[in-house]
Every structure is written in C-alpha cells, then in structure tokens.
Amino acid sequence: MKGFLERVVVIKRLWLAMAVAFFVVLPFLIGEGWLSLVNEMLIMALAASGLNLMLGYTGMVSFGPAGLYAVGAYTTALFLTKTGIPFVIAIVAGPIVAGAVGAIVGWFCVRRTHVYFALLTLAFAQIIWTIIFEWYGFTGGDNGIVGMPVPDLLMSISHYYYFSLVVVVICLILLWMIGNSPFGKILQAIRENPGRTEFIGINVKRYQLIAFVLSSAFLGAAGSLFCGFSDSVFPDYAHWAKSTDMIVICLLGGMYNFAGPIIGSIIYILLSKLISSYTMYWMLFLGIIVVLLVLFMRGGIMGFISEKLSSKIQEIRLRGQYDTGS
Amino acid sequence: MILEAEGLTKSFGGLNAVDDVSLQIEEKELSSIIGPNGAGKTTLFNLLTGHTPADSGRVIFRGRDITELPPHMICRAGVGRSFQRLNIFPRLTAFDNVQVAVFSAQRKGGSLFSRAEKMLREEADEVLESVGLDDKKGVQGGLLAHGDQKRLEIGIALACQPELLLLDEPTAGMSPRETIETTGLIEKLARERGLTLIFVEHDMNVVFGIADKIKVMHQGRIVFEGKPEDVRANDEVQRIYLGEEKT
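Reading guide: rules and limits
- Residues numbered from 1 in each chain as written.
- Chains lettered and ligands numbered in written order.
- Predicted model: local features only at pLDDT ≥ 70, side-chain atom pairs only at ≥ 80, totals over all residues.
- Helix = DSSP H or I, 4+ residues; strand = E, 2+ residues; numbered from the N terminus.
- Rg over C-alpha atoms; globule rule 2.2 N^0.38 Å.
- Buried ≥ 20, exposed ≤ 12 C-beta atoms within 10 Å, placed from the backbone.
- Contact = placed C-beta atoms within 7 Å.
- Nonpolar A, V, L, I, M, F, W, Y, C, P; charged D, E, K, R; others polar.
- Pairing = 2+ DSSP bridges.
- Axes fitted to C-alpha atoms, helices over the stretch in contact; angles between N-to-C directions.
- Arc of directions from axis to C-beta.
- Domains from an automatic or database assignment.
- Parallel < 35°, antiparallel > 145°, perpendicular 65-115°, else oblique.
- Left-handed = near helix turned anticlockwise from the far one by under 90°.

1. Looking at the overall build of chain B
Along chain B, the regular secondary structure elements total 9 helices and 10 strands. Rg of the C-alpha trace for chain B: 18 Å, near the compact-globule value of 18 Å for 247 residues, within the 12% margin. Counting the 247 residues in chain B, one finds 45% classified as buried. When contacts within chain B are restricted to residue pairs at least 6 apart in sequence, long-range pairs at least 24 apart make up 66% of them.

Set out below in structure tokens:
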C-alpha cells in the first residue's frame, strides 16, 4: 500500500519533470507559427486557472472574467505607451490594477448569489468593455492600442515564449498553493455548502471577496502577458465572447481539478484553430461541444480521467489485498 | 448562566413561530427541548444561532449580547450547532469536512500558501475518532450512509470547539439501534468535553435517557420546564404530546 502510493508520487514528479523539459525544448522542435499558438495556450491556461479559483474552487459562477483580463491588458498597454516605465513594471502593474478593480467589482458582486451574482459580473464586464470602447482619447476605442515598446530581448517569438512560460509557471504554482492551503479548503467548503460554512465560523462573503480579488489579479496577469505577446490590445479582450471562451475551457478541462483549465485551454485552442481552418462554423461546433459536456461530462476531461483512474487504482488495491490475503 | 434568552419572538406571515420565549441554560447542563411538529423548536434554534433575525428579544451568551451578531461571529464566540436536515460538505471527504472546521476554529483561514494536507491532522483525526468515523475518513461525505452523515454533522460542530452545542434532532432518521448508540455517544462527548448541550428531539427515549432538564414547547411557547421525571408526571405535557388519546 505504502509502496504503491510512493510509486504514484514518484510517477507524478516524473511527469512534471518531463512536462517542464518538453516545454523548454519546444522552441527547437516546432516552427514559429505553432510556437505562438502554444504561447497563446499558456496565457489562456493562466487566465482560465485564475477564473477557476472562483468557478471551480469557490463555486462562484462569473460571466465576466474577460473584463478583468482586459483591465490587466490595458493597464500594461497604457503604461507602456503613455509612460516610459520599464516593461517588467508595466507587466507587474497589470495584475495589481486588475486586483484593485476586482476588489471594487467583487465588493458589489458578493452581495448576491447564484444567477444574480452571475448577472452582476456580466454587467460589470460590459461596463468595462463600454468604457474601453467609447473612451477614444484614452484607450483608442475600437482601434485599440497597437505597437508596444517591448524590450529587444523579448522581440523574438521564442524569447517571449520563455518569458511567458516562466510567468505562467510561477502563477500556476501560486494558484496551486492557494488551492491546497487552509484558505483553499475553506473556499471548497463554501462551494459545497455556503450556508453551513457560516456555522463553522467563516465569514463567507469576506472569503468570496478575497477569492474574487485573487482571481482578478491572475486574470489581469494573463491579460498583461497577452498584451506583450500580441503587441496590441483591443476592446474585444473585454467582450463577453472572451468570457465564454474562459468558462468553456474550465468546463472542458474540468472545474474540480487543478489541471482542468490547463488541459482545457490546450485542447480548446487546438480545436478552435483546427476546426476554423476547415470551416467557418466554429461557433456551431463550440455549441455542440458545450451541449455534450454539460449533458455527459460535467467533470470535464480531467474529471473523466480521474474517475476512470480512481476505479483502476481501487482495482489494483483490491487485487493487492487479495494477493496478500491468500 | 451560560446562555440566557429574553422575550424572543419571531413571526412568519402573522403566525408566531416563536412567541415570547425566555430561557436560561446553566453551565454544563444537558437540556432538551421537546414538543410536537411545528412547535417552533427549530425556529428557536435559528434565533439563538443567528440563522434567522429575531423580531424582538435578546440572546445573551456568557454575558455578551449576541442577538445582532451574524452566524459566523456567534460560532466564533463558542456556540456550535448541527442541523436537522443533513447539512455537510458533500463532495469533500469526511476528513476534509472536519478539518475545514478545525482550520476555522484555529483561525488558519488566512494562510494562503501553506499545505493544508499536513496541518492539524491530529485534531481532525481526534474528532473523527470521537464520533466513530475514523475508518471512513477518506470517503466523500455525501456518499456516507445516513447515520454516518448525521454523526459527521455532529463532528463538524464539535470541531469548531464550542462551549455550547445546539443539536437539532441529532438522531432523526436513524434506526433504533443507531439512535441508542448515537445518544450514548452524545452524552459521553458532552460530559467528557464539559460541553453545555441543548438538543431538540422527537424521540422521547433519547430525551429521558440523557437530559438533565427538559423544556416543552407548544405553539411557539415554552409551556413547561423541569426534570425528566416532572415532565413525565405532568398532565399538560401528556395532553400536548398524546393529544386525542388522552381526553
């Protein structure tokens, strides 16, 4: 039994090491087109994982993650183009400002639950979108902001890829730690039964607000990274369609699993590129995917795998008991 | 006096669910509230624990007015409760159900970056053992048998380290054997930990088995209180409980 568990842990570490090695050597294996696609996946994985701290861990269904993602992106873009501050500081400012905006938006949103909470998040995201879209003098309106003074070192696609890899991995480690901390456990208790959580002495609204702020900061970090990556920002970043992308990614990969949003973003982006290169009806396929997920695979891909895996593990364990018993 | 309530009243749509109830609970007393369905027992619990705001009246816990406090503050002050209907964290394991409450009791909710898995395990294990669930700690709460879920519910309440524990029908839906076991368990836990206990029950055997004091509720009021033998001997209580049989 102990040997078996140890083996699982070792295998887990081995997988992680292999994954890291894979991502490090990747630029030498694939062309620039594919590499920028992987970069997009990394950034989306961070955004979706940030959203999932609310969605999967705390059970707060937000329809407006893109609003905060856009706040991060525009913060970086505005700092870079309007002030002369160094690139790294402009990137760091993204999650900070997104977190601050998240604190204001969240303060209102956590006052309501369920569908009212979801509608409030959507409304605030639409407000952010409208501000970006209409305020030509400051945000460039629907022209967006193009041409970031990105340092020469990060101009090449593979260099920027390494930069986002490091930032995304650090953020994911932080998110993993938060999810597995006492704070994270309490968030999961809130997801399972907010009413009962009050009666174990937890100020549920305060925890939900903190989760909202943290989630916003990670969404903002993803936005900042994408701003540097695409060298531009557009009002589309705050559009509800972008929010839908993030929610579907969490659903596809599995909300109740840390790796879910990561796997989800890889598969979602691959699918969207593949399908839209054959047909213009990507949205039709997206609709079908969502229907199938919600009807048959609510745990997403990771939920499906871990379900299969846990029955396998159970089988191995039982066999082990049987062997020692006889 | 650990808990005092004065003139608690709550009405729902003109019906007084709890009508001018006053009560005093002594330290380390095991007291029971009995009464027919709809007598207002659960509503009274909800008023005492901040679940429902009272229309009027006051609740004093250890000399402190807790009437206006939100539920989590009342819990932190030392009042724990369990619920009549199953009210656990269904997709967390039995262990996590209890550990989360221990985290809250030990004020660990603010640690964002330490590994929960390795923290306060002994405390959580101790609680699980005391409610007899140590062999099921890896099982998801929602998948436990009904009786086990009821015991887990008590475990969650205990893990908050309350001084005063309110149990709302802790044996509801249990088999007679489970009821006897759980009753014994509750009495043992309360005496060992020096808890003050108020519990609502339907099962008269449970009540007479462990209660020091019994309060009888009827139509939102406490109509009688006293020792178990007094209650048994009281005609009015017999009439409320047995109704038509004794005319």
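On we go from here.
2. Here we look at the interface of chain A and chain B
Frequently, the measure chosen for interface size is the accessible area removed from exposure when the parts meet. Facing 20 residues of chain A, the contacting portion of chain B comprises 32 residues. For the side of chain A that touches chain B, the secondary structure elements donating two or more residues are helix 7 (157-179), helix 8 (182-192) and helix 9 (194-198) of chain A. The greatest single-element share of the side of chain A that touches chain B, amounting to 8 residues, is contributed by helix 8 of chain A. Residue classes in the side of chain A that touches chain B are distributed as 9 nonpolar, 7 polar and 4 charged.

3. Things to note about the sheet that holds strand 9 (residues 213-218) of chain B
Hydrogen bonds between backbone atoms are what pair the strands of a sheet, whose relative direction is either parallel or antiparallel. Residue and element names in this part refer to chain B. One open sheet accounts for 6 strands, arranged 6-7-8-3-9-10; its pairing is mixed. Only two strands of the sheet have a single partner each, and these edge strands are strand 6 (79-82) and strand 10 (221-226). Across the sheet, the axes of successive neighbouring strands diverge by a mean angle of 20 degrees, strand direction being ignored. In this structure, strand 3 (residues 30-34) lies alongside strand 9, joined through 4 bridges in parallel fashion. Note that in strand 9 the partner of Ser31 across the bridge is Lys213. Sheet strands in contact with helix 5 (residues 146-159) are strand 6 and strand 7 (164-168), and its direction is about 170 degrees off that of strand 6.

4. A short note on helix 4 (residues 121-130) of chain B
Residue and element names in this part refer to chain B. Here helix 4 has its buried residues at Ala124, Val127 and Leu128. For helix 4, the buried positions fall inside an angular range of 100 degrees around the axis, keeping them on one side. The elements touched by buried residues of helix 4 are helix 3 (94-105) and helix 5.

5. Notes on the domain arrangement of chain A
Residue and element names in this part refer to chain A. As far as domains go, chain A holds domain 1 (1-30) and domain 2 (35-242). Taken over C-alpha atoms, the centre of domain 1 sits 29 Å from the centre of domain 2. Each partner contributes to the interface: domain 1 provides 4 residues, whereas domain 2 provides 5 residues. Among the residues forming the side of domain 1 that touches domain 2, the class breakdown is 4 nonpolar, no polar and no charged.

6. Structural notes on the domain arrangement of chain B
Residue and element names in this part refer to chain B. You can read the domains of chain B as domain 1 (3-78 + 162-245) and domain 2 (91-149). Computed over C-alpha atoms only, the centres of domain 1 and domain 2 are separated by 27 Å. Residue-level contacts link 5 residues of domain 1 with 5 residues of domain 2. Taken together, the residues that form the side of domain 1 that touches domain 2 break down as 3 nonpolar, 1 polar and 1 charged.

7. Observations concerning the sheet that holds strand 2 (residues 15-25) of chain B
Residue and element names in this part refer to chain B. Sheet architecture is open: 4 strands sit in the order 2-1-4-5, paired in antiparallel fashion. A strand with exactly one partner marks an edge of an open sheet, and here the two such strands are strand 2 and strand 5 (64-65). One ladder, built from 2 bridges, connects strand 4 (residues 56-61) with strand 5; its direction is antiparallel. What sits directly across from Ile60, in strand 5, is Asp65.

8. Quick word on the packing of helix 2 (residues 32-58) of chain A against helix 7 of chain A
Residues and elements named next belong to chain A. Running from N to C, helix 2 and helix 7 point in directions that differ by 20 degrees, and their axes come no closer than 10 Å. In terms of orientation, helix 2 lies roughly parallel with respect to helix 7. The way helix 2 lies across helix 7 gives a crossing that is left-handed. Seen from helix 2, the contacting residues are Glu32, Leu35, Ser36, Asn39, Leu42, Ile43, Ala45, Leu46, Ser49, Gly50, Leu53 and Tyr57; seen from helix 7, they are Ile157, Ser158, Tyr160, Tyr161, Ser164, Leu165, Val168, Cys171, Leu172, Leu175, Ile178 and Gly179. Broken down by class, the residue content of the contact of helix 2 with helix 7 amounts to 16 nonpolar, 7 polar and 1 charged.

9. Details of the pairing of strand 3 of chain B
On a regular strand, each side chain points to the face opposite its neighbour's, so the side chains alternate between the two faces of the sheet. Residue and element names in this part refer to chain B. Counted residue by residue, strand 3 has 4 buried out of 5 residues, so it is predominantly covered. Here 4 bridges tie strand 3 to strand 8 (residues 196-200), and the two strands are oriented parallel to one another. Within strand 8, the residue paired with Leu30 across the bridge is Leu197.

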